[in-house]
Amino acid sequence: MRPRPFRVIRVSRDARDVATMTLEPFDGHAADAFAPGQFNMLYAFGVGEVPISISGNPHESDRLVHTIRRVGLVTKALCGVQRGEAVGVRGPFGRGWPAPREMEHRDVVVVSGGIGLAPLRPVLYELLANRRQYGRVSLLYGTRTPEDILYRKELERWRGRFDVDVEVTVDRGDAGWRGHVGVVTTLIHRVPFDPATAIAMVCGPAVMMRFAATELIQTGLEAERIYISMERNMHCGIGLCGHCQYGPWFICKDGPVMRYDQIQARLDRREV
Amino acid sequence: MKTIETFLSEHPFFQGLDPAYIDLLAGCAANVRFDAGGHIFREGDESKAFYAIRQGKVAVEIFVPGSGPIVIQTLEAGEVLGWSWLVPPHRKQFDARALEVTVALKFDAACLRTKCEEDPKLGYELLKRFTQILGQRLQATRLQLLDVYNVSR
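Residues numbered from 1 in each chain as written. Chains lettered and ligands numbered in written order. Predicted model: local features only at pLDDT ≥ 70, side-chain atom pairs only at ≥ 80, totals over all residues. Heavy atoms only, no water.

Q: Is there a simple way to explain the sheet that holds strand β1 (residues 29-34) of chain B in this structure?
A: The pairing of strands in a sheet comes from backbone hydrogen bonds and takes either a parallel or an antiparallel form. Residue and element names in this part refer to chain B. Sheet architecture is open: four strands sit in the order β1-β8-β3-β6, paired in antiparallel fashion. The strands lining the two open edges of the sheet, one partner per strand, are β1 and β6 (80-81). Pairing geometry for β1 and strand β8 (residues 102-108), over six bridges, is antiparallel. What sits directly across from Val32, in β8, is Ala104. Along the sheet, helix α3 (residues 109-118) contacts β3 (49-55) and β8; its crossing angle with β8, the most-contacted strand, is approximately 50 degrees. (Pairing = 2+ DSSP bridges. Helix = DSSP H or I, 4+ residues; strand = E, 2+ residues; numbered from the N terminus. Contact = heavy atoms within 4.5 Å. Axes fitted to C-alpha atoms, helices over the stretch in contact; angles between N-to-C directions.)

Given below as structure tokens:
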């Protein structure tokens with residue numbers, strides 16, 4: 001499967017080491033439809049390819065949006081691309097978050113940490129676009145410092161709505177910060193949801209996801225209604241190369257979103 | 001008009017507590033209000049009270065010479081502020097400052113300690129509740145120390 005060339009039409013710097021790029025196909029046809037939580041393999045020509053979650057609106061088929069954190073050579077190259085330049089795209093791949101029909105009439109709790117907000121943003125677009133179909137919607141977002149907050153304007157806009165609870169916390173505040181200070185898991189008991197039926201989606205660093213899932217279970221939410229997004233070294237994207245094997249699963253094909261009850265025992269195993 | 005007993009029984013920290021104990025605790029409690037920016041207590045102060053927050057937001061801070069106050073945690077309605085009243089040396093470990101207008105129930109430490117000594121069942125009940133909170137805060141602090149969002153470590 002060869003990468004399809006896309007043109008970079010917009011780049012924004014969301015934080016010190018994070019950039020969001022908007023892409024449109026060179027060939028003028030629509031981008032492939034994606035489900036929230038899926039990822040693409042992005043190819044920085046001449047440098048390499050990396051899996052990056054899609055962070056745009058699933059209802060906008062003419063473009064792709066990816067938020068990338070600079071952690072290695074390829075992501076450094078991708079964060080440095082300019083408007084008009086080309087990026088290769090393969091995908092979308094993998095299993096995403098629960099489908100809208102699975103969330104209908106239920107309370108939805110979205111727990112995100114750091115760059116983990118990016119794969120969850122498409123879910124929020126869906127929830128807010130069809131708000132009446134769902135119960136209470138809560139977004140809990142934790143990050144390191146106020147400077148690291150992603151999608152700040154969007155968060156402020158969502159926070160201004162009366163039909164969604166948005167809580168943002170930082171591990172370290174600064175003099176100008178008036179919001180919460182503390183880890184994101186401390187926000188879980190501050191938002192209303194019915195643990196008997198709610199669905200929770202969690203994305204962030206592995207340790208944070210484990211703590212968040214534990215906290216959610218303590219509220220009475222069953223592990224089978226908690227979904228987490230796994231991060232592994234995806235390569236082929238279709239479960240052939242084995243780079244992202246995780247026990248009996250290939251994260252690129254069977255994940256990245258997985259049900260917590262199915263993966264919990266393996267997450268606690270040190271050898272995996 | 002709501003009584004202190006009503007506020008107490010509505011506050012999550014006291015949920016499920018024997019109504020007789022609610023009445024007993026109400027005898028040590030008073031309604032207090034803090035303006036935004038006002039200090040509730042400072043590090044090193046004698047721990048004369050703890051607070052059940054009803055409204056508002058409180059920052060728990062540590063003062064770092066040269067850097068000023070650093071917020072390590074924020075607390076809101078439904079949470080409790082202060083645990084050092086319970087165990088010697090009864091000294092506040094951090095500063096606490098209201099970030100916005102804050103309304104709370106203030107519990108007199110000496111009064112509470114006397115009641116706990118007289119009725120060990122009440123003392124044990126409160127100890128269990130405070131220990132649970134201390135455990136949660138210790139876990140949260142450990143997670144904070146891990147600095148999980150810092151990929152450049």
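Q: Where do I start with the pairing of strand β5 (residues 64-69) of chain A in this structure?
A: Successive residues of a regular strand alternate their side chains across the two faces of the sheet. Residue and element names in this part refer to chain A. Counting buried positions over the six residues of β5 gives six, a clear majority of the element. Across the two faces of β5 the burial is the same, with Leu64, His66 and Ile68 and Val65, Thr67 and Arg69 all buried. The sheet contact formed by strand β2 (residues 18-25) and β5 spans six bridges and is antiparallel. Its bridge partner being in β5, Leu23 is matched across the sheet by Leu64. (Buried < 20%, exposed > 50% of the residue type's maximum accessible area, 1.4 Å probe, protein only.)

Q: Just checking my understanding: could you explain a nonpolar patch on the surface for this structure?
A: All names here are of chain B. Nonpolar side chains collect at one region of the surface, where Trp83, Val87 and Leu134 lie side by side and expose about 220 Å² of accessible area between them. Among the structural elements, Trp83 can be located in the loop between β6 and β7 (95-98). For Trp83, a relative accessible area of 31% corresponds to the partly exposed category. (Patch = residues over 30% accessible without salt bridge, like charges linked within 9 Å, V, L, I, M, F, W, Y side chains within 5 Å. Areas by Shrake-Rupley, 256 points an atom, 1.4 Å probe, with all protein chains shown as cover. Salt bridge = Lys/Arg side-chain N within 4 Å of Asp/Glu carboxyl O.)

Q: It is not clear to me how the state of the cysteines should be interpreted in this structure. Could you clarify?
A: Counted according to the given criterion, the structure contains one disulfide over all chains. Note that Cys28 of chain B is cross-linked by a disulfide to Cys111 of chain B, the S-S spacing being 2.0 Å. What sets the handedness of the Cys28 of chain B and Cys111 of chain B disulfide is the S-S torsion sign, and at about -70 degrees it is left-handed. Taken together, the positions of Cys28 of chain B in the loop between α2 (19-26) and β1 and Cys111 of chain B in helix α3 put the pair 83 residues apart, joining distant regions of the chain. Residue Cys79 of chain A stays outside any disulfide, its sulfur separated by 17 Å from that of Cys203 of chain A, the closest cysteine. Exposure remark for Cys79 of chain A: the relative accessible area of 6% places this residue in the buried category. The thiol sulfur of Cys252 of chain A is not disulfide-bonded, and the nearest other cysteine sulfur, from Cys244 of chain A, lies at 3.6 Å. (Disulfide = S-S within 2.5 Å.)

Q: Before we go on, may I ask you to explain the interface of chain A and chain B in this structure?
A: Many analyses report the size of an interface as the accessible area lost when the parts associate. With 27 residues of chain A at the interface, the matching set in chain B holds 19 residues. Counting each side, the surface lost to burial between chain A and chain B is near 2000 Å², with a carbon and sulfur contribution of 56%. When the area that chain A buries against chain B is broken down by residue, the three leading residues are Arg144, Val181 and Phe211 of chain A, summing to 25%. Inspection of the chain A/chain B interface yields three salt bridges. Of the charged contacts in the structure, one is a salt bridge between Arg172 of chain A and Asp147 of chain B, with a shortest N-O distance of 4.0 Å. (Buried area = accessible area lost by both parts, 1.4 Å probe.)

Q: Would you mind showing me how to read the side chain of Ser112 of chain A here?
A: Residues and elements named next belong to chain A. Take Ser112: it is sitting in strand β7 (residues 108-113). Given the relative accessible area of 0%, Ser112 is considered buried. Beyond its immediate chain neighbours, meaning those up to four positions away, Ser112 contacts Leu117, Leu120, Leu139, Leu140, Tyr141, Gly142, Val184, Cys203 and Met208.

Q: It is not clear to me how the sheet that holds strand β4 (residues 57-64) of chain B should be interpreted in this structure. Could you clarify?
A: Residues and elements named next belong to chain B. In spatial order, the strands read β2-β7-β4-β5; together these four strands make up an open sheet with antiparallel pairing. Because the sheet does not close on itself, it has two edges, and the strands there are β2 (39-41) and β5 (68-76). Averaged over all pairs of adjacent strands, the angle between their axes in this sheet comes to 35 degrees, without regard to strand direction. Here β4 pairs with β7 via four bridges, running antiparallel. Residue Val58 lies in a different strand from β7, and its bridge partner there is Ala98.

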